[in-house]
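Breakdown of the fold
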Amino acid sequence: SKKLKEIISRNDIFNLDNLTHVATIFRNGIHVSNRTWKLKRYNNVFVGTEAVNFLVEMELSKTRDDAVKLGCRLADEYHLFEHVKNQHEFKDSHKFYKFVSNDTYLMDGRDLDEEQLMKIALKFEASVQLKSNRKGLCIYSDTFVGT
């Protein structure tokens, strides 16, 4: 949105009020899934590089390094997410992270403008594979099953 771009251009994205807005966009826009690493399954996680991609694509950060700094603030100050084994800070790498369940301080999404919601929806749509799914005797075309 125009307001969000103005905030970024003023380098005001790290202001606490704006950081809450960024945390909302991040929490609502990051795609989580079940992943496996070295035969261990991790449920409802996201990958650091994908989160950095999201922050840059959503124009919440100008560079990948800025996105890592922003992610670290979201993890450290907001306790929004953490490494799955609590062994690493946020990095632009293939490490897995999970959202912390207590996210009551976040806005519920109604405060996002139409452009932000559309970007999140398009990112979600691109990450979901639609296929035919069977439930009982019915077959549903072009659907997905959520976790």
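Residues numbered from 1 in each chain as written. Predicted model: local features only at pLDDT ≥ 70, side-chain atom pairs only at ≥ 80, totals over all residues. Heavy atoms only, no water.

Considerations on the side chain of Ser61
Formally: Numbering of helices and strands runs from the N terminus, with a helix taken as a DSSP run of H or I at least four residues long and a strand as a DSSP run of E at least two residues long. The cut-offs for exposure are 20% and 50% of the maximum accessible area for each residue type, with area from a 1.4 Å probe on protein chains only; residues under the lower value are buried, those over the upper are exposed, and the others partly exposed. Any two residues having at least one pair of non-hydrogen atoms within 4.5 Å are treated as being in contact.
Looking at the secondary structure, you find Ser61 in the loop between α3 (48-57) and α4 (64-76). In this structure Ser61 comes out as buried when scored by relative accessible area, which is 7%. Once residues within four sequence positions are removed from consideration, Ser61 is found in contact with Leu55, Val56, Asp66, Ala67 and Leu70.

Side note on the nonpolar core
Under the convention used in this document: Among the buried residues, those of types Ala, Val, Leu, Ile, Met, Phe, Trp, Tyr and Cys that are joined through side-chain atoms within 4.5 Å form a nonpolar core.
Formed by 26 residues in total, the largest nonpolar core has its most connected members in Phe26, Phe46, Leu74, Leu80, Phe81 and Phe90. Of all the secondary-structure elements, those providing two or more residues to this core are α2 (16-29), α3, α4 and β4 (96-99). The dominant element in this core, judged by the number of residues it contributes, is α4, at six residues. Ranked by size, the runner-up nonpolar core spans five residues in total, among them Tyr42, Val45, Val47 and Val84.

Description of the pattern of salt bridges
This is how it is decided: Salt bridges, as used here, are contacts in which a Lys or Arg side-chain nitrogen is within 4 Å of a carboxyl oxygen on Asp or Glu.
Throughout the structure, instances matching the rule amount to four salt bridges. Ionic pairing is found between Asp92 and Arg64, a salt bridge with its closest N-O pair at 2.8 Å. Residue Asp92 is found in the loop between β3 (81-83) and β4, and its partner Arg64 is found in helix α4; the two are separated by 28 residues along the sequence. Owing to a relative accessible area of 32%, Asp92 belongs among the partly exposed residues under this scheme.

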